[in-house]
Amino acid sequence: MRKQIALTLTLVAGLTGCGMLPAQLASGGEEKQPQQATAQQSDATRESAAPTVAAGQSAPPEQTEVIAGREVKAGGADLLVQITGLRRQGRVATLTWTVTNKGETRWEMTSSLGDTPLGLGLTVGGVSLVDSANGKRYRVAYTGKYPSAKCVCSDYDVFTEPGEELPLHATFAAPPADVTKVNVDLRTLGVFTDVPVS
């Protein structure tokens, strides 16, 4: 029991010392961007850093209503991308979406949705929310730091077969309450504009 308490205190102290617990996020998720990610940023928007959260987050609630969607071609495959929710819950927001392989060719995803500088290649750790009105980009939340970082998001297999539907999710620091729409940047799957935040 003492060992468990000591381990828990060490983990909390380590995360607190790095300024990465969600309680330390400024309003709207404005946390200092980690150096590993900063080196890869080339857009003009200010970055709201990927917040780091405690491990053991539960899976997001299942959402089925399609609020944005379109057919895209990626990696030689014909895909249907449907955003099924962007829900604000306190200081975090959870994005849910599905990718359905509608063609006859398997989709080789590789690390196209990941964040390779943080070692989050086969995850959706590279997707982001863009608040164009305030010039901010919100990165996926993660636990720890490189090389042991884990995102609060879906991971996936390298291939998505024809006919397969892939449910995905990612958690972010929530935009301010007055932000009702954001752009969702799904990287190789494109940018979905004016997605409502509920």
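About the criteria used
Residues numbered from 1 in each chain as written. Predicted model: local features only at pLDDT ≥ 70, side-chain atom pairs only at ≥ 80, totals over all residues. Heavy atoms only, no water. Helix = DSSP H or I, 4+ residues; strand = E, 2+ residues; numbered from the N terminus. Buried < 20%, exposed > 50% of the residue type's maximum accessible area, 1.4 Å probe, protein only. Contact = heavy atoms within 4.5 Å. Areas by Shrake-Rupley, 256 points an atom, 1.4 Å probe, with all protein chains shown as cover. Phe/Tyr/Trp six-rings, centres within 6.5 Å; stacked < 30°, edge-to-face > 60°. Lys NZ or Arg CZ within 6 Å of the ring centre and 35° of its normal. Core = buried A, V, L, I, M, F, W, Y, C linked by side-chain atoms within 4.5 Å.

Named according to an unreviewed UniProt entry, the protein chain is DUF4352 domain-containing protein originating from Nonomuraea africana.

Novice: So what's going on with the overall build of the protein chain? Residues and values would help.
Specialist: Helix and strand counts for the protein chain come out as two helices and 13 strands. Per-residue burial for the protein chain yields a buried fraction of 47% across its 198 residues. Once local pairs closer than 6 in sequence are excluded, the contacts in the protein chain between residues at least 24 apart make up 62%. With the model as given, the accessible surface of the protein chain reaches about 10,300 Å², and the carbon-plus-sulfur share is 52%.

Novice: Got a sec to walk through the packing of aromatic side chains? Specific residues and values, please.
Specialist: In this description, an aromatic ring pair is defined by two values, namely the gap between the centres and the angle between the planes. Per the counting criterion, the structure on display carries zero aromatic pairs. Directly above the aromatic system of F192 lies the positively charged group of R70, at a separation of 4.0 Å from the ring centroid. One residue, R106, lies across the ring of F159, its end atom 3.8 Å from the ring centre.

Novice: Break down the nonpolar core for me, with residues and values.
Specialist: Of all hydrophobic cores here, the largest spans 41 residues; its most connected members are L95, W97, W107, V124, V184, L186 and L189. Listed by contribution, the elements that provide at least two residues to this core are strand 2 (68-74), strand 3 (77-89), strand 4 (92-101), strand 11 (165-173), strand 12 (181-185) and strand 13 (191-196).

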